[in-house]
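# Secondary and tertiary structure notes
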Amino acid sequence: MVGGKIKNGMINGAISAVIAGVIVTLIMVAMYILQGYGTYLSYMAYSLVLYLVIEIILGVIGGILGSLVKVETYKYGLKNE
């Protein structure tokens, strides 16, 4: 959870999701190539891009929810112990 407003959480979530999504996509491409599906990779490009977009959307949602949880903890006076 980042400090600040929901915008900061959304930006942080998007940045981390892009990094994680690119890493996961590269690992998936490497696995496809090692399994012998390298020739079909152009056909699978659409689904790989779709997975990347879904991961980014989920990261942004997670960043927003993290910011909202942090706001709620401050609102009710809960502190880190």
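What you see is a predicted model; the values in this text were computed from it and never measured.

Rules of the game
- Residues numbered from 1 in each chain as written.
- Predicted model: local features only at pLDDT ≥ 70, side-chain atom pairs only at ≥ 80, totals over all residues.
- Heavy atoms only, no water.
- Helix = DSSP H or I, 4+ residues; strand = E, 2+ residues; numbered from the N terminus.
- Buried < 20%, exposed > 50% of the residue type's maximum accessible area, 1.4 Å probe, protein only.
- Contact = heavy atoms within 4.5 Å.
- Areas by Shrake-Rupley, 256 points an atom, 1.4 Å probe, with all protein chains shown as cover.
- Patch = residues over 30% accessible without salt bridge, like charges linked within 9 Å, V, L, I, M, F, W, Y side chains within 5 Å.
- Salt bridge = Lys/Arg side-chain N within 4 Å of Asp/Glu carboxyl O.
- Expected span 1.5 Å × (residues − 1).

Here we take up the overall build of the protein. Assigned secondary structure in the protein consists of two helices and zero strands. Residues counted as buried form 20% of the 81 residues belonging to the protein. Taking the contacts inside the protein whose residues are at least 6 apart along the sequence as the reference set, 67% of them involve residues at least 24 apart. Summed over its atoms, the accessible surface of the protein is roughly 6,200 Å², and 72% of this surface lies on carbon and sulfur atoms.

For the rest of this paragraph, the subject is the environment of K7. Within the element layout of this structure, K7 appears in helix 1 (residues 6–34). Counting along the chain gives 53 residues from K7 to V60, while the straight-line C-alpha distance between them is 9.9 Å.

A cluster of nonpolar side chains, namely I6, Y46, V49, L50, Y51, V53, I54, I57, L58, I61, L65 and L68, defines an oily patch on the protein surface of about 1,100 Å² accessible area. Counting residues per element, the nonpolar patch draws most heavily on helix 2 (residues 41–75), which supplies eleven residues. Position of L58 relative to the elements: it lies in helix 2.

Let us look at the environment of I33. You can see I33 is positioned in helix 1. The partly exposed category is assigned to I33, whose relative accessible area is 47%. For I33, the residues in contact, after removing those within four places along its chain, are G38 and L41.

What follows is about helix 1. Along its 29 residues, helix 1 runs 41 Å from first to last C-alpha, staying within 8% of the 42 Å computed at 1.5 Å per residue. Of the residues trailing helix 1, G36 is marked for its positive phi of about 95°.

For the rest of this paragraph, the subject is the environment of S67. Structurally, the position occupied by S67 is in helix 2. For the pair S67 and K5, spaced 62 residues apart in sequence, the C-alpha separation works out to 6.7 Å.

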